[in-house]
Amino acid sequence: MMSDLFIAYRPLIDLFLLHSGFALGQYIVLRAGVFSVANAGLTAIGAYLSAWLTLRAGVHPALSVIAGTAAGTLVALLLSWPLARLRGVYQAIATLAFVQVVLSLNVYSERFTGGAMGMNGIPKVVSTGTLFISLLVTLYIIWAISRTRLGRAFDAIRQDEMVAASLGASVRYYQSVAFAISGAIAGYFGAMEAFNTYTIEPQRFGFDFLVAALTYVVFGGRRSIWGPVVGAAVLIALPELARPLAEYRTLVYGLIMIVVMAHLPRGVFDTFVEYLHRRRMARMDRAAIAKGDNA
Amino acid sequence: MSTLVLDRVSKRFGGVIAADNVSMQVPSGRITGLIGPNGAGKTTIVNLITGMMELTAGAIKLDDRDLSTTSPHEVSRAGLARTFQNIRLFKEAPVIDNVMGGFHRHEKCSLVSSLFALPSARAETRQIREKAGALLEKFGMTRYASYPAGSLAYGHQRRVEMMRALASGPSVLLLDEPVAGMNDVEAGELGGIFRELANGGMAVLLIEHNMRFVTKLCEHVYVLDGGRLIAEGPPKQVTSDPAVIAAYLGA
Amino acid sequence: MILQQILNGLIVGGVYALFAIGFTLVFGIHQILNLAHGAVFMTGAFVALYSVQAGWPLWLGFLLAMLASGLLSVLIEVGAFRKLRKSGFAELEFGAIITSIGASLAIMTIAQKISNTQIMRFPFETMPVVIYEFFGLRVSALQLVMAACAAVLVVILTWYLYRTAFGRQVRAVAGNERAATLVGVNPNFVFFQTFFMSGALAGAAGVLVGLAFNSIHFVMGEPYLLRGFVVVILGGLGSIPGALLAGLVLGMIQTMTVAFLPSGLTDTIIFSLLFIILLIRPHGLLGKPEAGAMRGR
């Protein structure tokens, strides 16, 4: 019974696991105060390179995945260097340009990428289990970052660059690190996508990809590490649960983005966590007052 | 024992001269004052010292180290901490996190150990949390540890900012109008803390608009007007200087 | 031959400018990057098409398209940005991008449902095909109309912004919304006007593009939005003369690359150009120098 359900929903579960990865790649740059949407392009690089290596050069898929991850990291690092000069919307536009360049090159260089038709017949070597473990490991790394020096620096820079610098944190260094981590996650999950879905084509890593990744993070929450995952889970499950919604999926996404951003700017999950925290604080206050401690 | 030295520092914006040949000494163990009417160029001097702006001419040194062209985070790493004129806390983060941020320059764990939360990185986080807790204790702020910093009363926010600056264990502390908006009692309390820090060997630079506070606290005062130093010396002598009186009345 | 390309480029560029001016106007005044601008553009084309299909004359369809797009743009302001404006600058900068993408998705989905995902065309002879020749250059009547519309609209906008009391109000709100309120300027009214004008211009551009390529579909705004970025950055984000100049320049670059370089590389070239401009001159040709880059040393 359970296994039937699992098989029926397997494609959906794979989709959720992959997209959670994409969402976390987007999340980590935002967390460090970099307004980059480059992940679509970095994911494309990971997907294409690993697929090409295995299909055309006969490289073992595991090595191809490593190469895709490394390529994502490297390109992200290279990007971070010039982007450090830019801020806010200018960063967003520059990274959008990067995504467009990658996309148009993928369409153009038919000999390597298969052009607009993409690459087909990629061996499906990545199973749901691999994806699940990959997501767990990614979550562990992001949790680790949050609990240690990197996370503190990212948070400081996101909230106030000038203060962070005055405390000795090099904005440029930490933002490059965030970029590289995000590139690694993007490249890795790009390779996962290639080896999970048989086929890749340029348009899959375009504007829609970018919007989806941003939506997961905004909807779920930009602070806690669970926000992006919850965002991906809800937004992927929603159209499946209510069939009429599926037809108007993009309309629903659009309205969600407006309503959540305007009314719950922290995202659904983070708002909930904060609500719990505030309740606990209020309880502690009451307890303190009851004890007669009015300091 | 450290001394911050400004050696004939100038800053021009196009044709406008914001700082003109300013020379100052901020030695350890002393509270040095920098005063001047609004628009005298105090903020420019702060920005030049902290590396937020580039010098047009002159040099800034901390002991033997030249800070003239160093970027803000390197200035901080060299041992200079600051507070901001209009308090700049991480408003939504808990007080304890704000203070922990101040320890950044002493964090040593490697990138890899942080990425995987290796024991060394976790131990460091624990130590910093303990040190921050001790600092909160010292300032009597322990019960606010997990409140969002932005939700505190004004005076308490000033304290949090002060703790964050002190957390880095600086040799020079730059205070940009630290008692703005405070009453005399609160200001006096903070003044006591500054005094203690200076006695402990820190070099304290107090930038203030409030002449009374400066006269009470500082051993040595520089007066800035129109981007130039117009007087320096012990507060008594400076406040009776006709040029200073003219500058303040004229403003 | 090359003169012919330049001429064609200028006319395409005029339409780019029309699209980008509204985009840059909203950013320059309100610091809002309205990513639903492409959807507004598409709406203009749709409204004109349906008006013509209903049997109304093209000029009426054109005016209705501008009106509808202007109102839609105002609706986006009220629905997607008004609440965000109350929060701080950083929140607005990020939030506006998200909410306007949301608005864009919603509008495009509705258009997709209305049009059944079809590519639609104006009825035959809506715009008669007439070719004139001047000094060996070929110009169609449609191209003349495009150039004339673009020029007239830009002149009207410039006059309105720089020669009327509105211009002062806009500058007041751009400087400081609260201070402007104190001296009696109603910021909501200023927002209403800028968004209306911005939308109306996009709608006009939509009709002209719809006529020029005679192909109207719900995603037609996306490439223009992406090219709009290139125009506004090249011109200097927020600068109206910059957008005009950059629109013409981009139009020419595009026709030149299509004519003289391997086909399929146009997008690569245009977006690489965008990236490079951002790196070497983020404030573009005519923007304010401090834009975009980080301060400090």
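Residues numbered from 1 in each chain as written. Chains lettered and ligands numbered in written order. Predicted model: local features only at pLDDT ≥ 70, side-chain atom pairs only at ≥ 80, totals over all residues. Heavy atoms only, no water.

(A) Looking closely at the packing of helix H9 (residues 221–235) of chain C against helix H11 (residues 266–280) of chain C. Residues and elements named next belong to chain C. Packing of H9 against H11 brings their axes to within 10 Å, and their N-to-C directions diverge by 35 degrees. Considering the relative orientation of H9 and H11, their crossing is left-handed. Listed contacts from H11 to Leu226, Arg227, Phe229, Val230, Ile233 and Leu234 of H9 are Thr266, Asp267, Ile270, Phe271, Leu274, Ile277 and Leu278. Its residues assigned to classes, the contact of H9 with H11 shows 10 nonpolar, 1 polar and 2 charged. (Axes fitted to C-alpha atoms, helices over the stretch in contact; angles between N-to-C directions. Helix = DSSP H or I, 4+ residues; strand = E, 2+ residues; numbered from the N terminus. Left-handed = near helix turned anticlockwise from the far one by under 90°. Contact = heavy atoms within 4.5 Å. Nonpolar A, V, L, I, M, F, W, Y, C, P; charged D, E, K, R; others polar.)

(B) Looking closely at the domain arrangement of chain B. Residues and elements named next belong to chain B. Domain parsing of chain B yields domain 1 (1–79 + 170–251) and domain 2 (90–164). Each side of the interface is counted separately: domain 1 has 16 residues, and domain 2 has 8 residues. Carbon and sulfur atoms supply 57% of the area buried between domain 1 and domain 2, which totals about 940 Å² over both sides. Area buried by domain 1 at its contact with domain 2 is led by Arg77, Met182 and Ile193, which between them contribute 40% of it. In this structure, the connection of domain 1 to domain 2 is made through 1 salt bridge. Here glutamate 189 ties to arginine 159 by a salt bridge, and the two come within 2.5 Å at their closest N and O atoms. There are 5 residue pairs in polar contact (both at pLDDT 80 or more) connecting domain 1 and domain 2. Residue assignment for the side of domain 1 that touches domain 2 shows that the elements contributing at least two residues are helix H2 (72–77), strand S7 (172–176) and helix H7 (184–199). Ranked by residue count, the leading element in the side of domain 1 that touches domain 2 is H7, at 4 residues. Of the residues belonging to the side of domain 1 that touches domain 2, the class tally is 10 nonpolar, 3 polar and 3 charged. (Domains from an automatic or database assignment. Buried area = accessible area lost by both parts, 1.4 Å probe. Salt bridge = Lys/Arg side-chain N within 4 Å of Asp/Glu carboxyl O. Polar contact = N/O pair within 3.5 Å; in protein donor to acceptor, adjacent residues only side chain to side chain.)

(C) Up close: the sheet that holds strand S10 (residues 228–233) of chain B. Residues and elements named next belong to chain B. The sheet built from 6 strands is open, its strands ordered S6-S7-S8-S3-S9-S10 with mixed pairing. Edge strands, defined here as strands with exactly one partner in the open sheet, are strand S6 (80–82) and S10. Sheet twist, expressed as the mean angle between neighbouring strand axes with direction ignored, is 20 degrees. Of the strand pairs in this sheet, S7 and strand S8 (residues 203–208) are connected by 5 bridges, and their pairing is parallel. Each residue of the ladder has a partner; that of aspartate 176, found in S8, is isoleucine 207. (Pairing = 2+ DSSP bridges.)

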